[in-house]
Amino acid sequence: MEQLFYRSTRGAGEPVTASQAILQGLARDGGLYVPERIPRLENTLEELAEMSYPETAYAVMKQFFTDFTEEELKGCIAKAYDSKFDTPEIAPLRKAEDLFYLELFHGATIAFKDMALSILPHLMTVSARKNGVKNEIVILTATSGDTGKAALAGFADVEGTRIVVFYPKDGVSLIQEKQMVTQKGANTLVVGIRGNFDDAQSGVKAMFGDRALEQKLQAAGFQFSSANSINIGRLVPQVAYYVYAYAKLRKQGELGPGETLNVTVPTGNFGNILAAYYAKAMGVPLGKLVCASNENKVLFDFFRTGTYDRNREFILTSSPSMDILVSSNLERLIYQVAGQDPQRNAAFMEQLNRTGVYTLPEEMRGRLQDFYGGYTDEAGTAEAIRQVYQAAGYILDPHTAVAAHVAKAYRQETGDTAKMLVVSTASPYKFTRSVLSAIQPEYGRQEDFALADALSQLSGIPIPRAIEDIRSAPVLHRTVCEKEEMPKVVKGFLGVKSES
Ligand SMILES: *Cc1c(COP(=O)(O)O)cnc(C)c1O
């Protein structure tokens, strides 16, 4: 097969192979790796309709990760999509009212991050072997709540790796925090920072760009990589579930041949919806890609006006994994609509970094027609949870509820009646308090684990293993630091000396 190479969205440096891009995470010039072209699906949708989830994942990934052998890639897939998921479908579909929900929360940590983070550690260790890397790989991750636990679960006790996760101390749900601070594995470290997610993310980015720190680590036998959604090894596995969902709806007769399927995605860092864009470019008949935001509606404003402006108040909401003002993966889309011109993209990113704002010219905005931005506030989120429960007996988590609200509003605003897929990104069990108080306010007074019991009664769905496991688990991580102290904490964990 023809090799597919990857380039930085900011242009410096030579193209690299898929395995090199996965190992590196962020490109050295601060850009994100993108494939030189998006491959067309080799399999027909009729063929794909007969495939299992792992088979679909292979059909998609082999076209992007061309320097992996069939055996390597199938080995990674087999280790990822196994009994860690509570259903062999891996990503089941559920119809409620007239929307199709793609449930991506059946993995080990009951959020959609498991779809990519259960495979990334395997892609990374294979990549290290392929490239003769002897250093230990140190994964640095900033999390708005769900990535952290999914990455910890994926990398814990994986030989040749360590993982450090930073989360905003007061910016995640109680269950999200408990999931992380109870993480076992001597190669893991979990740190709360006094700041918000963007502080955590920019602190991690600064460490990736710190050449002096890099040399120090190199001398001690370590190198950094990233498990954040900037890593192409996270983006590509996510393309698979859009292909899978379309093919399954086709097989079930919900879609006719070539019929358009719209998609609504609850969005934070823009990784999940970008995977839908890639799936569409591969040839899946997807229509509008509806980008749903909560009150941190930077992306909504961007799609309406062409101006990206992060200079605004950061709002803590009931959908914390979408509380993001700088959506890293948007850079890959900007690069695309800038005609794959890295200098042009780099200029926008430089503006964003310096002033917090950039505006696309008309001609670039014209290339954003695949997308539609929507948002809802806290009241709209709670209303969607209550309304879908009352109409269909189906319980949404707050992130999915934002998407459901926006999907319905999109239909009303535009009159577009095409079938709609809503991407369901977390189990309601991760956000019991918000979910139950939306349905019935008096629940709000019970403690969180009692709420899990109440939710089980209401939904008839048993409490997931991920929640049972942490009920009584001891807290193993207690480090809290200022954002300026992040490099010191990392060096301490690795036993690398800090000068004063
Ligand atoms: C991470 C996350 C999102 C946002 O996904 P992006 O790829 O960052 O846009 C939405 N919902 C949940 C539950 C998440 O964990």
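Parameters and conventions
Residues numbered from 1 in each chain as written. Predicted model: local features only at pLDDT ≥ 70, side-chain atom pairs only at ≥ 80, totals over all residues. Heavy atoms only, no water. Helix = DSSP H or I, 4+ residues; strand = E, 2+ residues; numbered from the N terminus. Rg over C-alpha atoms; globule rule 2.2 N^0.38 Å. Areas by Shrake-Rupley, 256 points an atom, 1.4 Å probe, with all protein chains shown as cover. Lys, Arg positive; Asp, Glu negative; His and termini not counted. Charge placed at Lys NZ, Arg CZ, Asp CG, Glu CD. Buried < 20%, exposed > 50% of the residue type's maximum accessible area, 1.4 Å probe, protein only. Contact = heavy atoms within 4.5 Å. Core = buried A, V, L, I, M, F, W, Y, C linked by side-chain atoms within 4.5 Å. Pairing = 2+ DSSP bridges. Axes fitted to C-alpha atoms, helices over the stretch in contact; angles between N-to-C directions. Salt bridge = Lys/Arg side-chain N within 4 Å of Asp/Glu carboxyl O. Phe/Tyr/Trp six-rings, centres within 6.5 Å; stacked < 30°, edge-to-face > 60°. Lys NZ or Arg CZ within 6 Å of the ring centre and 35° of its normal. Near = heavy atom within 4 Å. Polar contact = N/O pair within 3.5 Å; in protein donor to acceptor, adjacent residues only side chain to side chain. Nonpolar A, V, L, I, M, F, W, Y, C, P; charged D, E, K, R; others polar.

Undergrad: Hey, could you run me through the overall build of the protein in this one?
TA: Counting its regular elements, the protein contains 22 helices and 15 strands. Over its C-alpha atoms the protein spans a radius of gyration of 21 Å, differing by no more than 12% from the 23 Å that the globule rule assigns to 500 residues. The principal-axis extent of the C-alpha atoms belonging to the protein is close to 60 × 50 × 45 Å. Accessible surface, the protein as shown: approximately 18,700 Å² in total, 49% of it carbon and sulfur. With 53 positive and 59 negative side-chain charges, the protein shows a spacing of 2 Å between the two charge centroids.

Undergrad: When you look at the environment of Asn228 in this model, what are you seeing that I'm missing?
TA: Following the sequence through the fold, Asn228 ends up in the loop between strand S8 (222–226) and helix H11 (232–251). On the basis of relative accessible area, Asn228 is assigned to the buried category, the value being 8%. Separated by 216 residues in the primary sequence, Asn228 and Ala12 have C-alpha atoms spaced 21 Å apart. In contact with Asn228, other than residues within four places in its own chain, are Leu140, Thr141, Ala142, Gln201 and Arg234.

Undergrad: In this structure, what is going on with the nonpolar core? I would like to understand it.
TA: Most often, soluble globular proteins keep nonpolar side chains buried together rather than apart. In terms of nonpolar packing, the biggest core is built from 111 residues, with Tyr6, Tyr53, Phe65, Tyr81, Phe270, Leu333 and Tyr358 touching the most fellow members. Sequence-distant contacts of Phe270, that is, excluding residues within four places in its chain, are made with Cys291, Leu299, Phe303, Ser327, Asn329, Leu330, Leu333 and Phe371. Judged by nonpolar contacts, the second largest core, of 42 residues, contains Tyr101, Val388, Met420 and Val422.

Undergrad: Which parts of the structure should I look at to understand the sheet that holds strand S4 (residues 99–103)?
TA: For sheets, the rule is that strands pair by backbone hydrogen bonds, running either parallel or antiparallel. Strand order in the open sheet formed by six strands is S3-S4-S14-S9-S10-S13, and the pairing between neighbours is mixed. Since the sheet does not close on itself, it has two edges, and those belong to strand S3 (93–96) and strand S13 (371–375), each with one partner. Across the sheet, the mean angle from the axis of one strand to that of its neighbour is 25 degrees, orientation sign disregarded. Inspection of the sheet shows strand S9 (residues 261–266) paired to strand S10 (residues 286–293) by five bridges, in the parallel sense. Residue pairing in the sheet places Pro266 in a bridge with Ala292 of S10. Together, S10 and S13 form the strand contacts of helix H13 (residues 298–305), whose direction differs from that of S13 by roughly 135 degrees.

Undergrad: What is the right way to read the pattern of salt bridges from this model?
TA: When the charged atoms of two side chains with opposite charge come close together, those side chains can pair. The tally for this structure, following the rule as stated, stands at 30 salt bridges. One salt bridge in this structure joins Glu259 and Lys419, with 3.2 Å as the shortest N-O distance. Highlighted residues: Glu259 in the loop between H11 and S9 and Lys419 in strand S14 (residues 419–424), separated in sequence by 160 residues. Two residues, Asp301 and Arg312, come together in a salt bridge whose shortest N-O distance is 2.9 Å. With Asp301 in helix H13 and Arg312 in the loop between strand S11 (307–309) and helix H14 (330–337), this pair connects stretches of sequence that are eleven residues apart. Residue classification places Asp301 among the buried residues on the basis of a relative accessible area of 17%. Judged by relative accessible area, which is 29%, Arg312 ranks as partly exposed. It is possible to trace a salt-bridge network through shared partners that takes in Arg28, Arg211 and Glu214.

Undergrad: I would appreciate a short explanation of the environment of Ala80 in the present structure.
TA: Here Ala80 lies in helix H4 (residues 70–80). Taking the C-alpha atoms as reference points, Ala80 and Ile119, separated by 39 residues in sequence, lie 4.8 Å from one another. Residues in contact with Ala80, not counting those within four places in the same chain, are Phe85, Ser118 and Ile119.

Undergrad: Looking at this model, I keep getting lost on the sheet that holds S8. Mind explaining?
TA: If you walk across this open sheet you meet the five strands as S8-S5-S6-S7-S15, and the pairing is parallel. Unpaired on one side and paired on the other, S8 and strand S15 (479–482) mark the two borders of the sheet. Going across the sheet, the axis of each strand differs from the next one's by a mean of 30 degrees, ignoring polarity. As judged from the six bridges shared by strand S6 (residues 161–168) and strand S7 (residues 188–194), these two strands associate in the parallel manner. What sits directly across from Tyr167, in S7, is Gly192.

Undergrad: Could you clarify how one ought to interpret the packing of aromatic side chains in this entry?
TA: What describes a pair of aromatic rings is the distance from one ring centre to the other and the angle between the planes of the rings. For the structure shown, the criterion picks out 19 aromatic pairs. With a centroid separation of 6.0 Å and 85 degrees between ring planes, the pair formed by Phe208 and Phe224 is classed as edge-to-face. Placement of the pair is Phe208 in helix H9 (residues 197–208) and Phe224 in strand S8, with a sequence separation of 16 residues. Phe224 shares its class with Phe208; the two are buried. An aromatic cluster is defined as three or more aromatic residues linked by ring pairs; in this entry it consists of Phe270, Tyr277, Phe302, Phe303, Tyr308, Phe348, Tyr358 and Phe371. Sitting over the ring of Tyr375, Lys297 keeps its end group 5.3 Å from the ring centre. In this structure, Arg304 is placed above the aromatic ring of Tyr372, and the distance from its NZ or CZ to the ring centre is 5.1 Å.

Undergrad: What is the right way to look at the site of the ligand in this model?
TA: Taken together, 15 residues are adjacent to the ligand, and Lys113, Asp146, Gly268, Asn269 and Thr425 come closest. The contact in question runs from an oxygen atom of the ligand to an N or O atom on the side chain of Lys113, over 2.5 Å. Gly271 places a main-chain nitrogen or oxygen 3.2 Å from an oxygen atom of the ligand. Considered on its own, the ligand offers 380 Å² of accessible surface; in the complex 98% of this is hidden by protein. Grouping the constituent residues of the shell around the ligand by class yields five nonpolar, eight polar and two charged.

Undergrad: Please explain the packing of helix H12 (residues 271–282) against H14 as it appears in this structure.
TA: Angle between the axes and distance between the axes: these two values describe a pair of packed helices. At their nearest, the axes of H12 and H14 sit 9 Å apart, and the two run at 35 degrees to each other. On the side of H12, the interface is formed by Leu274, Tyr277 and Tyr278, while H14 contributes Arg332, Leu333 and Gln336.

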